[in-house]
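One letter stands for each residue in the lines below.
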Amino acid sequence: MTDHHDEGATSGDELDLRPRTDATDTTPPTRRRSWGAYALLGLVGVAIVAVLGIALTQATVFFYNVDEALERQAELGDDTFRMQGSVVTETEVRDDGALLFTIGFDGEQADIVHVGDEPSDLFEVGIPVVVQGRWETDGHFLSEQILVKHSETYEAENQDRLDDAYDGADG
Amino acid sequence: MTSIAVPPSAPEHTGSRLTRVLGAATAVSWVVWLTYGLVLSPADVVQSESVRLFYLHVPLALSAYLGFTVTLVGSILVLRKNSAFWDQMAGAGAEVGLVLAGLVLVTGALWGRPTWGTYWVWDPRITATTLLFLVYLGYLVVRRLDLDAEVRARRAAVFGIVAFINVPITRYSVQIWNSLHQEATLSLTDTEMDGSQLTSFALGAIAMALFTTWLIIHRFRVGWLEYELDRSGLESAILERRGERTATEVV
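Residues numbered from 1 in each chain as written. Chains lettered and ligands numbered in written order. Predicted model: local features only at pLDDT ≥ 70, side-chain atom pairs only at ≥ 80, totals over all residues.

Trainee: Whenever I open this one, helix H5 (residues 149-163) of chain B confuses me. Can you help?
Mentor: Note: α-helices contain 3.6 residues per turn, so residues at a spacing of three or four share the same orientation. Residue and element names in this part refer to chain B. Compared with an ideal rise of 1.5 Å per residue, which puts 15 residues at 21 Å, H5 spans 20 Å between its outermost C-alpha atoms and is within 8% of the ideal. Along H5, the residues that are buried comprise Ala153, Ala156, Ala157, Phe159, Gly160 and Ala163. Projection of H5 onto a plane perpendicular to its axis shows the buried side chains occupying an angular sector of 165°, all on one side. Residues of H5 that are exposed and angled more than 90 degrees away from the buried face: Glu150 and Val151. In the core, the buried residues of H5 are packed alongside helix H2 (54-81), helix H3 (84-115), helix H4 (124-142) and helix H6 (166-176). (Helix = DSSP H or I, 4+ residues; strand = E, 2+ residues; numbered from the N terminus. Expected span 1.5 Å × (residues − 1). Buried ≥ 20, exposed ≤ 12 C-beta atoms within 10 Å, placed from the backbone. Arc of directions from axis to C-beta. Contact = placed C-beta atoms within 7 Å.)

Put into structure tokens, the structure is as follows:
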């Protein structure tokens, strides 16, 4: 240890700027903290790669519109995928609890049999939805999940009354 | 025990006239925003009361982008001027932006359940926002690596510039790919939103931007004090050893 200490000894006008060791200092070594940071960076890197994998396999083709899904029906076979369209018929409830309705997009329509959880309260005729499931051999789509796709349009309740109130105040 | 050298010019806190004015403006804007957006403005025809999350969710996202933009500008100036000032500013922007991006994901999930029917789905917008969060988390870890301060600052700056590519990708992900997330409601040419809702959103955007700016300034000042402390600690150590050597020579 002494030799080691002497190796860095200074001579002449140079100032010894090496860190001093202090027996009473209980701070963990800097190197250990550094490994922690590198380990965390590695974990973040793994998480980024995992999410990128999801992005490339799922997110970029999140759904097909009804017309695209019909066009690719043979290619899709019994693969599970998502399909988007607006609800065009009132929903019927079958004896076994399955929901029956039709969705359409760009003039094409698909009959849906939904056997999964209930959709959100926003589900109704005219609203766009994304259904996840697969084509059945008889031509209908067997859905396991319904996601309601809200449009970018927002409309306040009683906005006309608010507008009238403002107009009245101006007049 | 190692004594901590405090810079003689160090202030007792990170406040100033600027931050006090900004803080007061932030407080007033939050009261106005929350009162109008959460209480006085009407609910939405389709979404009902859950529309009020929109007034929080979108301003959070815009302010996160603001924080990451500060990181981008700071990082560019670190590489151009080798500036410790801008290194601290870049770090402050990323820290605040990261917290806000995390809140964007949380508020989005809370909005998604009553609207979409699920808290989480790997659609392009959510996936891009998650990536954005992770990339800036990585940036902050790089800032804590045990490297020479100048090397670390330059590596973080390169990371901070590359990371920003994710901001426009996230912003335009709903237009580039088929997404469950709706497309932009607000644009310069077309806004699909009623007046009272637009007012609620605008108040939220202003209030959150003021708060974000206030936070970034304070976080920057904390970082700057830490930097000054490190520097003055080194200077104190040098002075101490010079004093020891002089004393030895005299003896």
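Trainee: Please clarify how the packing of H2 of chain B against H3 of chain B should be interpreted in this entry.
Mentor: Helix-helix packing: each pair is described by the crossing angle between the helix axes and the interaxial distance. Residues and elements named next belong to chain B. Across the interface, H2 lies against H3 with an axial gap of 7 Å and an inter-helix angle of 160°. The orientation of H2 relative to H3 falls into the category roughly antiparallel. Between H2 and H3 lies a crossing of left-handed hand. Looking at the contact of H2 with H3, its residues break down into 18 nonpolar, ten polar and two charged. (Axes fitted to C-alpha atoms, helices over the stretch in contact; angles between N-to-C directions. Parallel < 35°, antiparallel > 145°, perpendicular 65-115°, else oblique. Left-handed = near helix turned anticlockwise from the far one by under 90°. Nonpolar A, V, L, I, M, F, W, Y, C, P; charged D, E, K, R; others polar.)

Trainee: Can you help me understand the domain arrangement of chain A in this one?
Mentor: Reports often express the size of an interface as the amount of accessible area lost when the parts come together. The assigned domain composition of chain A is domain 1 (27-60) and domain 2 (64-148). Taking the mean C-alpha position of each, domain 1 of chain A and domain 2 of chain A sit 39 Å from one another. (Domains from an automatic or database assignment.)

Trainee: What exactly am I supposed to notice about the nonpolar core here?
Mentor: Nonpolar side chains in soluble globular proteins generally cluster together in the buried interior. Formed by 52 residues in total, the largest nonpolar core has its most connected members in Ala64, Phe68, Ala101, Leu132 and Tyr136 of chain B. Secondary-structure elements contributing two or more residues to this core are H2, H3, H4, H5 and helix H7 (195-250) of chain B. Among the elements that line this core, the one with the most residues is H2 of chain B, at twelve residues. Excluding its chain neighbours within four sequence positions, the residues that come into contact with Leu132 of chain B are Ala101, Asn166, Val167 and Thr170 of chain B. Grouped together as the second largest cluster of nonpolar side chains are 25 residues, Tyr64, Met83, Val87 and Val129 of chain A included. (Core = buried A, V, L, I, M, F, W, Y, C linked by C-beta atoms within 7 Å.)

Trainee: Please explain the environment of Ile217 of chain B as it appears in this structure.
Mentor: Tracing the chain through its elements places Ile217 of chain B in helix H7. Sequence separation between Ile217 of chain B and Val21 of chain B is 196 residues; the distance between their C-alpha atoms is 13 Å.

Trainee: For this particular structure, what's the right way to read the interface of chain B and chain A?
Mentor: At the junction of the two partners, chain B supplies 48 residues and chain A supplies 45 residues. Of all the secondary-structure elements, those providing two or more residues to the side of chain B that touches chain A are H3, H4 and H7 of chain B. A total of ten residues in the side of chain B that touches chain A trace back to one element, the largest contributor, which is H4 of chain B. Among the residues forming the side of chain B that touches chain A, the class breakdown is 23 nonpolar, 15 polar and ten charged.

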